Amino acid sequence: MITAEPRHLESRYDVVIAGAGPAGMAAAMGARERGAEKILLIDREREAGGILWQCIHHGFGLIHFGTELTGPEYAQRCLQQVIDGGIDVLTDTYVYDISPERTLKLMSGTQGIKLVDAGAVVLAMGARERTRGAIRIGGERPSGVLTAGLAQKFVNMMGLLPGRRVVILGSGDIGLIMARRLTLEGVEVLGVFEIMPHANGLNRNVVQCLHDFDIPLHLSTTIVDIRGRERVTGVTVAPVDEAFKPDMSRAWDVDCDTVMLSIGLIPENELSRRINLRFDPVTTGPIVSSTMETTANGVFACGNVAHIHDLVDFVSRESLLAGRSAGEFATGKRPPADNIRLMPGDNVTYCVPQTVSSDREHTIYMRVKKPMEECTIKFGDIYSKKLPYVFPAEMVTIKMQAKFLQKFHGDTLRVDVVKRG
Amino acid sequence: MRYDVAIIGGGVVGCAIARALSRFRLRTILLEKECEVGFGTSKSNSGIIHAGHNGATGTLKGELEWAGNRLWDKLHDELDFGFHRNGELMVAMSPEQVSRLEHFLEQGRKRGVTGLEIWDGDRVRREEPALSTEIVAALAAPTAGVVNPYEVCFSLIENACLNGVELAVGMPVRAIRPMAGGGFDIVTPERLVHARYIVNSAGLFSDEIARMAGAGDYTIRPRKGEEYLLDKRLKGLVTRTIFPCPTPQSKGILVIPTYDGTLMIGPTAGFIDDKNERSTTAAGAEEIFAAVRRFCPGISERDCIAEFAGLRATIEGDDFVIAPSKQKGFINCVGIQSPGLTAAPAIAERIVAILRDEGLEMIENDRFQPRVGKRVRFATLSLEDQVRLAAEDHRFGRIGCRCEQISEREIIDAIHAGARTLDGIKFRTRAGMGRCQGGFCSWRSMQLLSSELGIPMTAVTKRGGNTWIVCERKAKSANEGGDA
Amino acid sequence: MSDQHIYEYLCIGCPLGCHLLVDDTEGDTEGVKVTGWGCKTGKAYGEQEHKDPRRNMATSVRVKGARWGRVPVKTTGTVPKKLVRDVARAVQDIEIEAPIKLGTVVLANVLGTGVDIVATRDMERL
């Protein structure tokens, strides 16, 4: 069975990883690969694996494992690697605090309160869901307003339903997946309301989660009022204009007992804020170098802590790199420092990593602000690549070879996505 | 069962009265219609202990604001709720407003309020650098403070019950019948309560309670206040409670550094008709953010983590009514709006005096225990204490709520102290009150409520009544998910 | 009779979501022409989706003696799209007992589709 409690918690580890979801598990493997010997992987839940256990649907692993898996299968494969790799896994433990000298304070249901020194630290705590408060929907405050991730936990792991008649606000992937899930559980899903003119989740989820079950998707429409003194009794929805202002003359009411929110994720950086890191105001995660190192020496960040991903496969890939870098750091190896800063330009929201080095190849992750077809991504005048389309909900991944970066002689490289022709 | 006193309404005023009466050898019961105390107006109170200079001279409000203010240190020492005197600044944006500040300074000094000073704009910004450069002066009042109003209710009632008061929650009063030989029969859906005296502290519904007993003809008009809670990241932006220069209608829209380190902004003030309506509105949000940005420009909608609305119980004439009624033995506390929280301990003392005047024999309870057991706030302890406690009980080592860093043991303690609902846990421990608003921890808190209280998950509610959270896959019967 | 011969599908084979066009001018579903695909999966999906749409299905079933009340399960292959709801209903009342190994067959040959329902994770007994 898949547990790996350390027999004895040491006072010092080469690499300590906060969070044993897909990011943390891949980082652990990366650190092991690069020679770190004592590696501690920590998770606050009683089992490692993270949010994947509740993502019971298909669609994971095509890139990382070369086969389509469900979330739990993906988690279990990663966890098996971690266990086979001899990595100490400490669950039921929360990293409560961290110092710039990389001493971590652990709060553990099994170990009590412990201090642990780390040669390198990887922040892999994942993300949290945006809540009602973040978007200020007006109305009463009944029970029955919950995030899609919490609903997923209730349904898939606990066998409880969040309600009988559900309205979904936001078309993020978790919301779409849950629309299908709830329908299969006999819940009436009355519609998905999305304030943007396009869906926020992957198109394939719109097809297989909504179209397959005749669930309406209302674009450019939002919830303007929640009713119900005790339990939700209904919502008012209204179309919005380009400035997202609701047109109340075209508003209508929907009777429901549940409002499920799928309005985005925010990098979880409670712990990161305990040390004086620099954050990217756009990703809201720590600024990272091409080795996924934050602005604190020996502290690395990856996965949804650094920026929100849409595919776990990319989380694993990015985190493997962070883990390798942490392993190298802990064993005294340091690659040459970055010499180029990437600056988001036209139709680019952000780039991660925020800096790169011209001495090696990089994978650069980025997002665009608005959909565009037939476009070109341009890195200054050193590199360009044609893309059939870009879409804000889909991360753009670019492999950038050193030979192109070596042609650049400045320190700030602008990245634009522009229409062709 | 015959009681000497029945208190109707378990908001902060009712709880303070219950606790004050528990010093005497009386059989006292508190009847609360909600499933926990403090779940009405008190829960959504701003939590300000007013400095003492606000209420006009000659009003009961003015008198009890200052009298109440002075009682909070002792109460805090005995009852272990969050309270500190952070001080307030009433800011003037124009020379005309400075003369208003002088009026309040004078009003306060006459009453004996200590430490009042008028600061010039430079001093204001030296002390509170986030405030606008357009502020020309401020009245500083170090006697002002902040509390967690719900915690106050919980602590007061916990102590009152420790000293023999009976608490009956989920007990709405449907009728009150004055008896021929004195005393009253109080009818609730579940039981009939007989009491010699009634104290009406029913807040928004105190007019209806008074009318049921033929004890006065009041009309409570609910005045709604929306409040917005901002992320803890802004902790320390201001340290004092910041008031604009008040108008005769309202104390205005404030910036309140809550005891727990979040910033709260609000409230709005608009009359509504419905005593159960607590909606927030886009217009309310707009009004509040625009108003506070005038004197504290760094505040943004982006930092909002939660919003809520509360209702003030206002009456014609606008002053408190704390007096015996024409119905012998029935004492009214009606129209207790701001500064009702500040005044609550003084209101309770006044009720004790009134009951004595009305003929209730008050014999000191020599076994009165003024303190409640200290609640462990794990996150605030020293490393040594944390290590020791977690070694003693592993549930101290297990995180319950991450955003507020509450241990699982603290949540269990809250349930043992009377929490019956998710809101009951939230307002006792702060679990679920932070950034994720319960997204991460509510399922676990529900499991703990379920196991500690021996109820199914489907019977766990947000705040009692029909506020169920989850249901079973199978068809749900009509009354499933009812009050825990 | 519809004159339509070109049908649009969005490939769900991977997250890229290629827009496929299926041409069945011949009226012969065996010989449809699929364009717009980016890989072989997409081409095959277009043909399959046009003649007989099929889906994977994942749900969870009751489990006794484990940390959680449900264990996740999936179909071992695709089932006809029109049967997805029935398949979900068919497993709805199943209850199994921990410990469970990944791949444990929870229900064989669901609704005669030839597809099994299997657990998608290990779950230890507590």
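Definitions and limits used
Residues numbered from 1 in each chain as written. Chains lettered and ligands numbered in written order. Predicted model: local features only at pLDDT ≥ 70, side-chain atom pairs only at ≥ 80, totals over all residues. Heavy atoms only, no water. Pairing = 2+ DSSP bridges. Helix = DSSP H or I, 4+ residues; strand = E, 2+ residues; numbered from the N terminus. Axes fitted to C-alpha atoms, helices over the stretch in contact; angles between N-to-C directions. Domains from an automatic or database assignment. Contact = heavy atoms within 4.5 Å. Buried area = accessible area lost by both parts, 1.4 Å probe. Salt bridge = Lys/Arg side-chain N within 4 Å of Asp/Glu carboxyl O. Nonpolar A, V, L, I, M, F, W, Y, C, P; charged D, E, K, R; others polar. Parallel < 35°, antiparallel > 145°, perpendicular 65-115°, else oblique. Left-handed = near helix turned anticlockwise from the far one by under 90°. pLDDT = per-residue confidence, 0-100. Polar contact = N/O pair within 3.5 Å; in protein donor to acceptor, adjacent residues only side chain to side chain. Buried < 20%, exposed > 50% of the residue type's maximum accessible area, 1.4 Å probe, protein only.

(A) The arrangement of the sheet that holds strand β23 (residues 362–367) of chain A in detail. All names here are of chain A. The strand order across the open sheet formed by 3 strands is β21-β23-β26, and the pairing between neighbours is antiparallel. Single-partner strands in this sheet number two, and they are β21 (350–352) and β26 (396–400). The sheet shows a mean angle of 25° between the axes of neighbouring strands, direction not considered. When β23 meets β26, the two strands line up antiparallel, connected through 5 bridges. What sits directly across from Ile 364, in β26, is Ile 398.

(B) Focus on the domain arrangement of chain B. All names here are of chain B. Once the domains are mapped, chain B shows domain 1 (1–82 + 145–220 + 315–371), domain 2 (88–142 + 223–310) and domain 3 (378–459). Computed over C-alpha atoms, the centres of domain 1 and domain 2 are 28 Å apart. Taken together, the contact between domain 1 and domain 2 spans 28 residues of the former and 31 residues of the latter. Between domain 1 and domain 2, the buried area comes to about 2200 Å², and carbon and sulfur atoms account for 54% of it. On the domain 1 side of the interface with domain 2, the three residues burying the most area are Ser 44, His 53 and Trp 66, jointly 28% of the side's total. Put simply, domain 1 and domain 2 have 2 salt bridges between them. A salt bridge links Lys 275 to Glu 208; its shortest N-O distance comes to 2.9 Å. When residues of the side of domain 1 that touches domain 2 are traced back to their parent elements, those giving at least two are α2 (60–69) and α7 (206–212). Here the side of domain 1 that touches domain 2 is composed, by residue class, of 10 nonpolar, 16 polar and 2 charged.

(C) Structural view of the packing of helix α12 (residues 408–416) of chain B against helix α13 (residues 422–429) of chain B. Residues and elements named next belong to chain B. Following both chains from N to C, one finds α12 and α13 inclined at 115°, their axes separated by 9 Å at the closest point. As summarised for this structure, α12 and α13 are arranged roughly perpendicular, according to the angle between their axes. The chirality of how α12 crosses α13 is right-handed. Contact residues: Glu 410, Ile 411, Ala 414 and Ile 415 in α12; Ile 425, Arg 428 and Thr 429 in α13. Looking at the contact of α12 with α13 residue by residue, the classes come out as 4 nonpolar, 1 polar and 2 charged.

(D) The confidence of the model for chain B, seen in detail. Taken over all residues, the pLDDT of chain B has a mean of 93, while the share at 70 or more is 97%. Every residue in residues 475–484 of chain B is under pLDDT 50, and counting partners more than four places away or in other chains gives 22 contacts.

(E) Fine view of the domain arrangement of chain A. Residue and element names in this part refer to chain A. In terms of domains, chain A is made up of domain 1 (12–128 + 266–330), domain 2 (131–263) and domain 3 (340–419). Contact residues are listed per partner, giving 17 residues for domain 1 and 18 residues for domain 3. In this assembly, domain 1 packs against domain 3 so that about 1300 Å² is buried in total across both faces, 53% of it on carbon and sulfur atoms. Contact with domain 3 buries surface across domain 1, with Ser 290, His 307 and Asp 310 losing the most and accounting together for 36% of the total. Viewed at the interface, domain 3 and domain 1 are joined by 1 salt bridge. Linking Arg 367 and Asp 310 is a salt bridge whose minimum nitrogen-to-oxygen distance equals 2.7 Å. The tally of links from domain 1 across to domain 3 stands at 9 residue pairs in polar contact (both at pLDDT 80 or more). Grouping the amino acids of the side of domain 1 that touches domain 3 by side-chain chemistry returns 7 nonpolar, 6 polar and 4 charged.

(F) Molecular detail of the pattern of salt bridges. All names here are of chain B. For the structure shown, the criterion picks out 79 salt bridges over all chains. Of the charged contacts in the structure, one is a salt bridge between Glu 117 and Arg 123, with a shortest N-O distance of 3.6 Å. For Glu 117, a relative accessible area of 37% puts it in the partly exposed group. Here the residues in one salt-bridge network are Asp 80, Glu 151, Lys 374, Arg 375 and Arg 377, joined through shared partners.

(G) Broad picture of the sheet that holds strand β22 (residues 355–356) of chain A. The 5 strands lie next to each other as β22-β20-β27-β24-β25 (chain A), forming an open sheet whose pairing is mixed. Every other strand in the sheet has two partners, leaving β22 and β25 (383–390) of chain A as the edge strands with one partner each.

(H) Broad picture of the side chain of Glu358(B). Structurally, Glu358(B) can be placed in the loop between α9 (340–357) and α10 (383–392). If we ignore the near neighbours within four places in the chain, the residues touching Glu358(B) are Tyr197(B), Pro324(B), Lys328(B), Gly329(B) and Ile331(B).

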